[in-house]
Amino acid sequence: MKVMILCGGRGIRLNEETAFKPKPMVMVGERPIVWHIMKLYSHYGFNDFVLCLGYRGDMIRAYFDNPAHKEPQWNVQCVNTGESAETGTRIMRAASFLGNDEKFMLTYGDGVADVDIKKLVDFHNEHNKALTVTAIKPPSPFGVLEIDGHTVTSFAEKQRSKDWTSGGFMVCNRSVLDLLSDDEKCIFEQGPVQELSRRGELAAYKHEDFWHCVDTLKHLEGLNAFHSRGERPWMVWERA
């Protein structure tokens, strides 16, 4: 099964970094974040990657063309899906690189997690839906107060949200492609995923352990702080 990674967005909320490089190339430790994502899949035996390029995609292509960065077991195909294409468009434009596989994996190039990919795939197969998303509870950006009258009885700094949201790390049946178009404004998370939900064809694999996106400079600094302290739960291959 191939792994498609969406690597084309501009990342304007990370402009301090992405003015000069694509978001998937921001560094976590000594490697770009997309490498960390690919390494997780590889740990579970999935080594065929389709990278959907857009903004400054030549930098991603050059990185993986460099023999110094090659992982011998990886097969990496870089596909130019357009500078301004939305997510659904990128998937559609790269679909021919999926071969004849009936299923493929899909995620974003800006988030790491310690998701057990093997269990995720098994879950998808067991529930027989067209699309499975990994559901996560992201940390709240604000502290939470409990108040009795005018007295604060509890103060909790940045608790995890009580609500589930999509954290990427998806498994798709090929039938999902039928809901996409080559129009640049096809947003995967809107029309196509909402339609699958209406049809009862969307499943959620609940992941309550580590997940961290890099959407802002603060997020990137936080992930690198984990890395420098040696707290690297997403790097499951180090514990193998």
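Keep in mind that what you see is a predicted model, and the values were worked out from it rather than measured.

K.L.:
Would you take a moment to explain the pattern of salt bridges for this structure?
P.N.:
Note on pairing: side chains with opposite charge can pair once their charged atoms come close. This model, assessed by the stated rule, comprises 12 salt bridges. The closest approach of N and O atoms between Glu 231 and Arg 229, which form a salt bridge, is 3.2 Å. Residue classification places Glu 231 among the partly exposed positions, given a relative accessible area of 38%.

K.L.:
Help me understand the packing of aromatic side chains in this model?
P.N.:
The geometry of an aromatic ring pair is captured by the separation of the ring centres together with the interplanar angle, meaning the angle of the planes. On inspection of all chains with the given rule, the structure shows 7 aromatic pairs. Between Tyr 63 and Phe 64, the ring centres sit 5.1 Å apart and the planes meet at 80°, which makes this aromatic pair edge-to-face. Three or more aromatic residues link up through ring pairs in this structure, and these residues are Phe 210, Phe 226 and Trp 234. One Lys or Arg, Arg 31, reaches over the ring of Trp 35 and ends 4.5 Å from the middle of that ring.

K.L.:
What's the story with the pairing of strand β4 (residues 48-53) in this structure? I'm lost.
P.N.:
Two faces belong to every sheet, and in a regular strand the side chains alternate between them. By the criterion of burial, β4 is predominantly enclosed, with 5 of the 6 residues buried. Pairing geometry for β4 and strand β5 (residues 75-80), over 6 bridges, is parallel. By the bridge assignment, Leu 53 is partnered in β5 with Asn 80. Regarding topology, helix α3 (residues 57-65) serves as the crossover connection from β4 to the parallel β5, and that connection is right-handed.

About the criteria used
- Residues numbered from 1 in each chain as written.
- Predicted model: local features only at pLDDT ≥ 70, side-chain atom pairs only at ≥ 80, totals over all residues.
- Heavy atoms only, no water.
- Salt bridge = Lys/Arg side-chain N within 4 Å of Asp/Glu carboxyl O.
- Buried < 20%, exposed > 50% of the residue type's maximum accessible area, 1.4 Å probe, protein only.
- Phe/Tyr/Trp six-rings, centres within 6.5 Å; stacked < 30°, edge-to-face > 60°.
- Lys NZ or Arg CZ within 6 Å of the ring centre and 35° of its normal.
- Helix = DSSP H or I, 4+ residues; strand = E, 2+ residues; numbered from the N terminus.
- Pairing = 2+ DSSP bridges.
- Right-handed = clockwise from strand over helix to strand, strands pointing away.

So far we have only geometry, and geometry alone does not tell us how the molecule works.
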